[in-house]
There are 4 protein chains.
Amino acid sequence: MPKRVDHAARRQEILQAAVRVFARKGFASSRIEDVAAEAGIAKGSVYLSFDSRDALLQAAFESYAAGSAQLLASLEPGPALDRLATLVRRVVAMLAAHPDHARVLVDLWSAGPPLDMAAVYRDYREAIAGLLRQAREEGALRPGIDERHAVVIVAAIEGCLLQWLVDPELPLADLAAPIIEVCVEGVRS
Amino acid sequence: MPKRVDHAARRQEILQAAVRVFARKGFASSRIEDVAAEAGIAKGSVYLSFDSRDALLQAAFESYAAGSAQLLASLEPGPALDRLATLVRRVVAMLAAHPDHARVLVDLWSAGPPLDMAAVYRDYREAIAGLLRQAREEGALRPGIDERHAVVIVAAIEGCLLQWLVDPELPLADLAAPIIEVCVEGVRS
Amino acid sequence: MPKRVDHAARRQEILQAAVRVFARKGFASSRIEDVAAEAGIAKGSVYLSFDSRDALLQAAFESYAAGSAQLLASLEPGPALDRLATLVRRVVAMLAAHPDHARVLVDLWSAGPPLDMAAVYRDYREAIAGLLRQAREEGALRPGIDERHAVVIVAAIEGCLLQWLVDPELPLADLAAPIIEVCVEGVRS
Amino acid sequence: MPKRVDHAARRQEILQAAVRVFARKGFASSRIEDVAAEAGIAKGSVYLSFDSRDALLQAAFESYAAGSAQLLASLEPGPALDRLATLVRRVVAMLAAHPDHARVLVDLWSAGPPLDMAAVYRDYREAIAGLLRQAREEGALRPGIDERHAVVIVAAIEGCLLQWLVDPELPLADLAAPIIEVCVEGVRS
DNA sequence: GATGAATGAGAATTCATTCAT
DNA sequence: CATGAATGAATTCTCATTCAT
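Residues numbered from 1 in each chain as written. Chains lettered and ligands numbered in written order. Predicted model: local features only at pLDDT ≥ 70, side-chain atom pairs only at ≥ 80, totals over all residues. Heavy atoms only, no water.

S.K.: What's the story with the UniProt feature "domain: HTH tetR-type" (unreviewed entry) in chain A in this structure? I'm lost.
M.R.: UniProt marks residues 8–68 of chain A with the feature "domain: HTH tetR-type" (unreviewed entry), using the numbering shown here. The annotated region residues 8–68 of chain A carries 80% helix and 0% strand content, and the separation between its end C-alpha atoms amounts to 21 Å. (UniProt positions renumbered as here; feature names shortened; annotations may be inferred. Helix = DSSP H or I, 4+ residues; strand = E, 2+ residues; numbered from the N terminus.)

Structure, rendered in structure tokens:
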């Protein structure tokens, strides 16, 4: 069944299939053949778009990192703490809206180099630290809050995500509110 | 006089060797032979103490879960929020003191059933929710804080752990303070 | 007006590309795609001229065998041993002049049926045996030389070729002289 | 069926099985599983003694090279040309006596680095050149014969081998005599 | 005719597990 | 008990060949 025009589209389909499979059984237990079957193609065809099994995880990472970067870049103007609250809401909403992608995160955490999850969280922390600095300039921050809290805010989000990954009963989408309550409202002056 | 009197002790040694190996290369890349070598015994001898490779991870989980339960059970009396702060401090200290065990967590998160990480976090949340209830009875809790914040408090801890796992530059031990600042002091009335 | 008028010419181009590729990396490591790329056409197009990968080697063999046969047929009249010396010179010159074809020989030797390298050498031996017989009739042959020496003469040539294939430092073209010295002059009466 | 004492012996058995298989179908068509079956063991067990399929060919080469070196080292004293004749006889006898090893040669010729067949032939040529020099000192060599004839002598042997490999009808063992006639007696003064 | 995406049989290699010693 | 050789199922990746466009 030869001839397909859009190589990028096919690559995308395979990646999405891979993400579904990884979400379902974890990367370690996912076979190339599973991905191919999920994508409705033959085993060998996966290799037309990806060099190796690891390259699939790498691509999943890149896709996730790109989404994160976009999210960080898309904050509209406004009071810093409001923007922070919005950021938290959006991150949680994105994770809740794409549970498959979210479930792959646990594999990205495991993967180590050349995947650079550290960079992703560094970017988050820097963005949040920037918002906190801005909030201080606006006089909106209560004393005693400094940049180290950026770590805690990222932690609150990722920690909720983690608990939900481990226990899908947990209503991830509902957790944006308490995170904001504690991490954003809790630091307002 | 059998060469090895204490079967339990041998099992313990192997488990510890396994944890070191898993911490170093991840469970997925850890071979039974690696564990045996680390323990200074022969490959086949691992099977005298453990039924299978997965049983090693299971045992690592049980060991971690037991440590967590002990930590939760060991809180001395006192004002609830102080006890909460102590809990946070102790959990972070334990993780920082045993980086090998901590690094295995990412594999425990991935593992899925029959490992029940969900139960571990459920227990944490319940303990913390209990402390929050108690704090309310003590009139120490500001309004608007309810049991859902237990999730966020666990999240703050595990999220810091996660960022440290992914980026060991991050000073995990120093993060207890900001966590407490935000999650404990921040909810005080 | 078809894109390609001469199917035979296209076949020839592909065969030559194949010989270059085989010479460079050996038949075993040569992919159809490599041959296609060398010929500047698409993988599938190779199959318009050749039935299979093996057919390429078969064709290379036929081309070599045809060249050999032509060489054997082209001997001008004259004293038999002079003609023999000329034959040796020409074979060596041909091999040295077409190193790519020569390098493919090692794959032809390996290939086994249906390639019939045995026939090629049989033909060489028969031609040389004929020349030796003629030389005897001419009284030019010293006693003790019989048809079995045809094998040795072929061997001297192919053995030099072999040493050159294995060690390209060896100056193949210069070896015609000592071969003739030993195998031709050495049998003169 | 565990426990085998002599690892070296097992390695040797496997190597011999491999040589038989390579001789029968050529290295390119020989599967690890074929070798294992020939050795009467399981596929995976081959890897207990050899790192890879290529390592089997490498070992076959080393074995052949060692045999050649031993042959070259074992020449008893005597007139140089007699020793040369003995050498030729022994090489041919060795090849004829171990047809399996001989048939693998065609794969060794193909293999290229890190196999160094060039060195094997270089050693042969040097040994023979030494004998020719000695023969000259002994006054046994007719004029016009120099070291370049060493190439031709090696060629005569290997070329006969080659013709026999390609056409097993050819009586290899009987070819020592004509080789000596032409290459040794033919250079005697 | 050309093309190159798609296929899937096949091969090398790994490694958890077993069990004879 | 302890060992590690032996096993073979499982998995990744390759590539000759086909065929829709």
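From this point, things continue past the structure.
S.K.: I'm lost on the relation of the copies chain C and chain D in this one. Help?
M.R.: Relating one copy of the chain to the other takes a rotation about an axis and a shift parallel to that axis. Mapping chain C onto chain D is achieved by rotating through 179° and translating by 0.0 Å along the same axis, at an RMSD of 0.2 Å. Classification of the inter-copy transformation places it as that of a two-fold axis. Here 100% of the contact residues of chain C are again contact residues in chain D; the copies associate through an equivalent surface. (Least-squares fit on C-alpha atoms with pLDDT ≥ 70 in both. Contact = heavy atoms within 4.5 Å.)

S.K.: I keep staring at the pattern of salt bridges and nothing clicks. Help me out?
M.R.: Side-chain pairing between opposite charges can occur once the charged atoms of the two side chains come close. Per the counting criterion, the structure on display carries 37 salt bridges over all chains. One salt bridge in this structure joins Glu-76 of chain A and Arg-90 of chain A, with 3.0 Å as the shortest N-O distance. Of this pair, Glu-76 of chain A sits in the loop between helix H4 (53–73) and helix H5 (80–97) while Arg-90 of chain A sits in helix H5; the two residues are 14 residues apart in sequence, bridging distant segments of the chain. Taking relative accessible area as the criterion, Arg-90 of chain A reaches 30% and is therefore assigned partly exposed. When the shortest N-O distance is used, the salt bridge between Glu-38 of chain D and Arg-24 of chain D registers 2.5 Å. In this pair, Glu-38 of chain D sits in helix H2 (residues 32–39) while Arg-24 of chain D sits in helix H1 (residues 7–25), placing the two residues 14 residues apart along the sequence. Within the structure, one salt-bridge network assembled from shared partners comprises Arg-20, Arg-24 and Glu-38 of chain A. (Salt bridge = Lys/Arg side-chain N within 4 Å of Asp/Glu carboxyl O. Buried < 20%, exposed > 50% of the residue type's maximum accessible area, 1.4 Å probe, protein only.)

S.K.: Teacher, can you tell me more about the relation of the copies chain B and chain A here?
M.R.: Between the two copies, chain B and chain A, the superposition gives an RMSD of 0.2 Å; the rotation angle is 179° and the shift along the axis is 0.0 Å. A share of 100% of interface residues in chain B that are also interface residues in chain A marks the association as one of identical surfaces.

S.K.: What's the story with helix H8 (residues 148–166) of chain B in this structure? I'm lost.
M.R.: Helical periodicity: at 3.6 residues per turn, an α-helix aligns residues three or four positions apart in one direction. The terminal C-alpha atoms of H8 of chain B, which comprises 19 residues, lie 27 Å apart, in line with the 27 Å expected from a rise of 1.5 Å per residue. Counting buried positions along H8 of chain B gives 18 out of 19 residues, so the element sits mostly inside the fold. (Expected span 1.5 Å × (residues − 1).)

S.K.: Would you take a moment to explain the arrangement of the chains for this structure?
M.R.: These two, chain A and chain C, are apart from each other, with no contact and a minimum C-alpha gap of 12 Å. The two units chain B and chain D never meet; even their closest C-alpha atoms stay 12 Å apart.

S.K.: Quick question: what am I supposed to make of the nonpolar core here?
M.R.: Grouped burial of nonpolar side chains is what soluble globular proteins tend to show. Ranked by internal contacts, the top residues of the largest apolar core, which has 153 residues, are Trp-109 and Met-117 of chain C together with Trp-109 and Met-117 of chain D. Ignoring any residue separated from it by four or fewer positions in sequence, one finds Trp-109 of chain C in contact with Met-117, Tyr-121, Glu-158, Leu-161, Leu-162 and Leu-165 of chain C together with Val-106, Trp-109, Leu-162 and Val-166 of chain D. Ranked by size, the runner-up nonpolar core spans 152 residues in total, among them Ala-118, Val-154 and Ile-157 of chain A together with Leu-95 of chain B. (Core = buried A, V, L, I, M, F, W, Y, C linked by side-chain atoms within 4.5 Å.)

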